[in-house]
Amino acid sequence: MISNPNVEMKKVSTPMTSTKSRLCLLSLAALLCGGSLAYSQTVVGVANREIVRRQANLIEAQKLEAAGDKAAASKDFETAYLNYLNALDEVPEGAATATIRPPLVKKFVS
């Protein structure tokens, strides 16, 4: 490119250029902020789904325990054993299930 010292070049900002620049900056900001927000929402969503899954497992365990109780009352010990075993599979060990699991274990081993 040939430069002429007598000619002064000015960069002219048009409304379209200014709007495009603003849109680019806003898009970049939204992408950067939105990425971390999307990540946190994903983590929260996964945690909430896990809580719901565990609660559903406890409900299923209670149904299996009731079926085991009914089978034991009618002297069908094999079915009772299997129901208690399946119920124990649904109830993890831990502080949250400390009042639920021990009675179930006792029925399982009796």
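Trainee: Describe the pattern of salt bridges, with residues and values.
Mentor: In a structure, side chains of opposite charge can pair up when their charged atoms sit close to one another. Evaluated as defined, the whole model comprises 5 salt bridges. Between Asp 69 and Lys 107 there is a salt bridge, and its shortest N-O distance comes to 3.0 Å. Within this pair, whereas Asp 69 is found in helix H1 (residues 15–73), its partner Lys 107 is found in helix H3 (residues 101–109), the two being separated by 38 residues in sequence. Looking at Lys 107, the relative accessible area reads 29%, which means it is partly exposed. Between Glu 93 and Arg 101 there is a salt bridge whose closest N-O contact spans 4.0 Å. The class of Glu 93 is exposed, set by a relative accessible area of 67%. Put simply, Glu 50, Arg 53 and Arg 54 are held in one network by salt bridges that share partners.

Cut-off values and rules
Residues numbered from 1 in each chain as written. Predicted model: local features only at pLDDT ≥ 70, side-chain atom pairs only at ≥ 80, totals over all residues. Heavy atoms only, no water. Salt bridge = Lys/Arg side-chain N within 4 Å of Asp/Glu carboxyl O. Helix = DSSP H or I, 4+ residues; strand = E, 2+ residues; numbered from the N terminus. Buried < 20%, exposed > 50% of the residue type's maximum accessible area, 1.4 Å probe, protein only.

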